[in-house]
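Here is how the chains run, residue by residue.
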Amino acid sequence: MIVEINLIFLEEIQTELDEQHKFNMIDLASVCVVHGPVVNRMTKNEILPHVEFLSFCPYSSNLFCATGSALFKIYEIENQNVNQQTIHFRAEFYGFTCHCWLNINSILVKKISFNDLEISLFFLVAKAATEHGHIFWIQDGSIRSDINLQDSITIDLNLLKTRPSNDHLNQQSITSISSLENG
Amino acid sequence: MALLKEKKVERFKMRKLSLDQVYGCSTIHRHSIIGLPDNRVAFLAGSYLIILDCLTNERRYLSFSAIEYLYISTSGLLMGIIDRFTQDSDTRIHLYSTKPIDLLFIIEPDRFGNFIGLTINTDDTILMILHNEPGYMITIRK
């Protein structure tokens, strides 16, 4: 009988709050991303946006994006100033859960619709989830493409019928998205 | 966490993964596992952050109070950890270098409340912190 023994080296490092480890970073700027509730004109609902995901653009170290519920903003850092870039769509219609950068000025985000009309349409077609995963391709602040994952996901309708109605609201939602290094 | 080893299957001319080892990993929070340079991974196990060398199986343990967020910079050289150290959800950020693992900075809570997210730009020159009060503030530090 051959027993394979892996050598494990354990080394515990206690993190000491040493005064020397406290550092002096330069505060460049502070940005208040959310300025209060917004109203979705389609549903007449008031939504308080919040940031769910934040990332720097890998192709430009001064460009960053903040997405969240009813929120999509791109900022550019110039010296001590943070300038908001123009977005040519209404972010309050959507709940963005995550995003990833594809190329310069291209960004791929996933959204859940707040639009009642769209939800009704999904009910008629899929007879399943009320909130569906979409993937947006956004370039230069405009939506270039909207990929509906409803078409590519198979739902077990019998399974959904046996579940309480609220359990399958997020059946098709995506929680993470990533781009390949080779594009 | 399962460590998978890649095997090449000549018959089908495709690669397959086989289970090699299994480790305990806390997954209550998102961002609980990150890849480090030089075939290493860092993952949460309770209040410890375990840094595992996948080739030699060497492990290093970093002790914290309650890690809420784990981040690796795009360059792979910096690792950020948001640690909740009081019952009142006060958080601080620990910034480590990854080669070697060494504590660089600790950022204490400031005027904008607790930290809930951080990101570092590709040049490792700008640190951006997401706060929960008031109304999701972002502070940018160089």
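Residues numbered from 1 in each chain as written. Chains lettered and ligands numbered in written order. Predicted model: local features only at pLDDT ≥ 70, side-chain atom pairs only at ≥ 80, totals over all residues.

Here we come to the overall build of chain B. Per the secondary structure count, chain B includes zero helices and 13 strands. If you list the helices and strands of chain B from N to C, you get β-β-β-β-β-β-β-β-β-β-β-β-β. For chain B, buried positions account for 30% of its 142 residues. Put simply, of all contacts in chain B between residues at least 6 apart along the chain, 24% involve residues at least 24 apart. (Helix = DSSP H or I, 4+ residues; strand = E, 2+ residues; numbered from the N terminus. Buried ≥ 20, exposed ≤ 12 C-beta atoms within 10 Å, placed from the backbone. Contact = placed C-beta atoms within 7 Å.)

Glancing now at the overall build of chain A. Each helix and strand in chain A was counted, giving two helices and twelve strands. Overall, chain A shows an N-to-C arrangement of helices and strands of β-β-β-β-β-β-β-β-β-β-α-β-β-α. By residue count, 23% of the 183 residues in chain A fall in the buried class. Taking contacts inside chain A between residues at least 6 apart in sequence as the whole, the part at least 24 apart equals 48%.

Residue and element names in this part refer to chain B. A cis amide bond links Lys 99 to the next residue, Pro 100, at an omega of -5°. Topologically, Pro 100 is positioned in the loop between β9 (91-98) and β10 (101-107). Positive phi outside glycine occurs at Asn 57, with the angle close to 65°. As for its placement among the helices and strands, Asn 57 is situated in the loop between β5 (48-53) and β6 (59-63). When the 14 C-beta atoms within 10 Å are taken as the criterion, Asn 57 is described as partly exposed. Phi at Asp 124 is positive, roughly 60°, even though this residue is not glycine. Within the secondary structure layout, Asp 124 lies in the loop between β11 (115-120) and β12 (127-131).

Residues and elements named next belong to chain B. The strand order β7-β8-β9-β10 describes an open sheet built from four strands, whose pairing is antiparallel. Both outer strands of the open sheet, β7 (67-72) and β10, are each paired with one neighbouring strand and no more. Recorded for the sheet is a direction-independent mean angle of 20° between the axes of neighbouring strands. (Pairing = 2+ DSSP bridges. Axes fitted to C-alpha atoms, helices over the stretch in contact; angles between N-to-C directions.)

Once that is clear, we can look at the environment of Lys 73 of chain A. Residues and elements named next belong to chain A. With respect to the element layout, Lys 73 can be found in strand β7 (residues 71-78). Residue classification places Lys 73 among the buried residues on the basis of 20 C-beta atoms within 10 Å. When the C-alpha positions of Lys 73 and Val 34 are compared, they lie 10.0 Å apart, and in sequence the two are 39 residues distant.

This next bit is on the confidence of the model for chain B. Here chain B shows a mean pLDDT of 81. Residues at 70 or above account for 82%. For this predicted complex, the interface confidence reaches an ipTM of 0.73, while the overall pTM sits at 0.69. (pLDDT = per-residue confidence, 0-100.)

Take the pairing of β11 of chain B next. Residue and element names in this part refer to chain B. Most of β11 is tucked away: six of the six residues are buried. The pairing of β11 with β12 spans five bridges and is classified as antiparallel. Within β12, the residue paired with Leu 118 across the bridge is Ile 129. As consecutive antiparallel partners, β11 and β12 are separated by six residues, and within that stretch Asp 124 has a phi angle of approximately 60°, a positive value.

Residues and elements named next belong to chain A. The pLDDT averaged across chain A works out to 64; a share of 50% of its residues lies at or above 70. The least confident element of chain A, judged by mean pLDDT, is helix α1 (residues 116-126) at 24; the most confident is β7 at 85. Every residue in residues 112-131 is under pLDDT 50, and counting partners more than four places away or in other chains gives 43 contacts.

Residues and elements named next belong to chain B. Bridging between β9 and β10 involves six bridges; their strand directions are antiparallel. What sits directly across from Tyr 96, in β10, is Leu 103. Two successive antiparallel strands, β9 and β10, enclose a turn made up of two residues.

All names here are of chain B. Along the chain, the position of Ile 51 falls in strand β5. Residue classification places Ile 51 among the buried positions, given that 22 C-beta atoms sit within 10 Å. Between the C-alpha atoms of Ile 51 and Leu 62, which are eleven residues apart in sequence, the distance is 8.0 Å. Setting aside its immediate chain neighbours within four residues, Ile 51 contacts Leu 36, Arg 40, Ala 42, Arg 59, Arg 60 and Ile 101.

Right, let's get into the environment of Ser 63 of chain B. Residues and elements named next belong to chain B. In this fold, Ser 63 is placed in strand β6. Among the residues examined, Ser 63 registers 12 C-beta atoms within 10 Å and is labelled exposed. Sequence separation of Ser 63 and Gly 46 is 17 residues, and the distance between their C-alpha atoms is 9.5 Å.

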